Amino acid sequence: MRLLLVEDDIALGEGVRTGLRTEGYTVDWLHDGVSAVHALLSETFDLLVLDLGLPRLGGIQVLQQLRNSGSSLPVLILTARDDTDDRIAGLDAGADDYLVKPFDLNELKARLRALLRRSAGRPHLLIEHAGVSLDPLTQQVRYKGELVVVTPKEYLLLHELLSQPGKVFTRERLTQLLYGWDEEAESNTLEVHIHHLRKKLFGELIRTVRGIGYLVQS
Ligand code: CA
């Protein structure tokens, strides 16, 4: 699961990012509203955690632009204590849930799990292709009905490739999906994950496009 965190409070942002990474999320963190809109309109995320009081462009405006683009991305907003107006404006602008600062990290994790459960109820999410099926809610993978145990990063990779069979994904894009922008990845890490997936599923599922990246045959 790739999560975008938008928060200008450095101490809070660090805490949330660290806490959510231990839950297996790939966390990208931005500090202002303009960068957030740019990222949301050009990249794919599974969840957004959005502070409302942000430099350059406020969280409400970020949310409005996101929803105006037609996105149904699950969004949890973070609001200051006693700011009821902000909270209501956020929910009106299309937020799915909110937390009031200061909040407990475990509560944030639970709220995000609930958001994912709800968004998994939307019909398009179960992915099946070439005998392989993925359940985004449980992150379980099955091949011909049999459960295949995969790591969170292997799941993320498989989910991306299987969501658009026939499309070539560049190595850069897949590496960014796994590690975000600022997490250091060894240069051959992507190949290692692909190698493991080929052994766990079947070798021909993921094809190498020499010099570019990978695809799953449509
Ligand atoms: Ca703030």
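None of the values given here were measured: they were computed from a predicted structure.

1. With respect to the sheet that holds strand 6 (residues 127–129)
- Taken together, the 4 strands give an open sheet; going across it, the order is 6-7-8-9, and neighbouring strands pair in antiparallel fashion. What marks the edges here is a single partner per strand, and that holds for strand 6 and strand 9 (146–148). Direction aside, neighbouring strands of the sheet carry axes that sit 25° apart on average.
- Judged from the 3 bridges that link them, strand 8 (residues 140–143) and strand 9 form a sheet pairing that is antiparallel. Bridging from a neighbouring strand, V141 pairs with V148 of strand 9.
- Along the sheet, helix 6 (residues 152–163) makes contact with strand 6, strand 7 (132–135) and strand 8, crossing strand 7 at roughly 115°.

2. Comments concerning the domain arrangement of the protein chain
- Once the domains are mapped, the protein chain shows domain 1 (2–120) and domain 2 (127–216).
- Summarising the inter-unit geometry, the C-alpha centres of domain 1 and domain 2 are found 26 Å apart.
- On the side of domain 2, 12 residues touch domain 1, which itself brings 14 residues to the contact.
- In this assembly, domain 1 and domain 2 are joined by 0 salt bridges.
- Viewed at the interface, domain 2 and domain 1 are joined by 1 residue pair in polar contact (both at pLDDT 80 or more).
- Looking at the side of domain 1 that touches domain 2, the elements that each hand over two or more residues are strand 1 (2–6), helix 1 (10–21), strand 2 (26–30) and helix 5 (105–120).

3. Digging into the sheet that holds strand 5 (residues 97–100)
- The parallel open sheet is built from 5 strands, whose spatial order is 2-1-3-4-5. Only two strands of the sheet have a single neighbouring strand rather than two, namely strand 2 and strand 5. Between one strand axis and the next, the sheet turns by 20° as a mean value, whatever way the strands run.
- Sheet topology places strand 1 next to strand 2; 5 bridges connect them, and they run parallel. By the bridge assignment for strand 2, V6 is matched with L30.
- The strands touched by helix 3 (residues 59–68) within the sheet are strand 3 (47–51) and strand 4 (75–79), with strand 3 carrying the most contacts at an inclination of about 150°.

4. Some details on helix 2 (residues 33–42)
- Taken together, the buried positions of helix 2 are G33, A36, V37, A39 and L40. The arc enclosing the buried residues of helix 2, seen along the axis, measures out at 170°, which places them on a common side. In helix 2, the exposed positions angled more than 90 degrees off the buried face are occupied by H38 and L41.

5. Some remarks on the pairing of strand 7
- With 3 bridges joining them, strand 6 and strand 7 adopt antiparallel strand pairing. Across the sheet, E128 pairs through a bridge with S133, a residue of strand 7.
- Here strand 6 folds back onto strand 7, and the loop between the two strands holds 2 residues, one of which, A130, carries a positive phi near 50°.
- Judged from the 4 bridges that link them, strand 7 and strand 8 form a sheet pairing that is antiparallel. Among the inter-strand pairings, S133 is bridged to a residue of strand 8, identified as R142.

6. Some thoughts on unusual backbone geometry
- A cis amide bond, omega -5°, links K101 with the succeeding residue P102.
- Topologically, P102 is positioned in the loop between strand 5 and helix 5.
- Here K144, not a glycine, exhibits a phi torsion of approximately 50°, which is positive.
- Mapped onto the elements of the fold, K144 is located in the loop between strand 8 and strand 9.

Calculation criteria
- Residues numbered from 1 in each chain as written.
- Predicted model: local features only at pLDDT ≥ 70, side-chain atom pairs only at ≥ 80, totals over all residues.
- Heavy atoms only, no water.
- Pairing = 2+ DSSP bridges.
- Helix = DSSP H or I, 4+ residues; strand = E, 2+ residues; numbered from the N terminus.
- Axes fitted to C-alpha atoms, helices over the stretch in contact; angles between N-to-C directions.
- Contact = heavy atoms within 4.5 Å.
- Domains from an automatic or database assignment.
- Salt bridge = Lys/Arg side-chain N within 4 Å of Asp/Glu carboxyl O.
- Polar contact = N/O pair within 3.5 Å; in protein donor to acceptor, adjacent residues only side chain to side chain.
- Buried < 20%, exposed > 50% of the residue type's maximum accessible area, 1.4 Å probe, protein only.
- Arc of directions from axis to C-beta.

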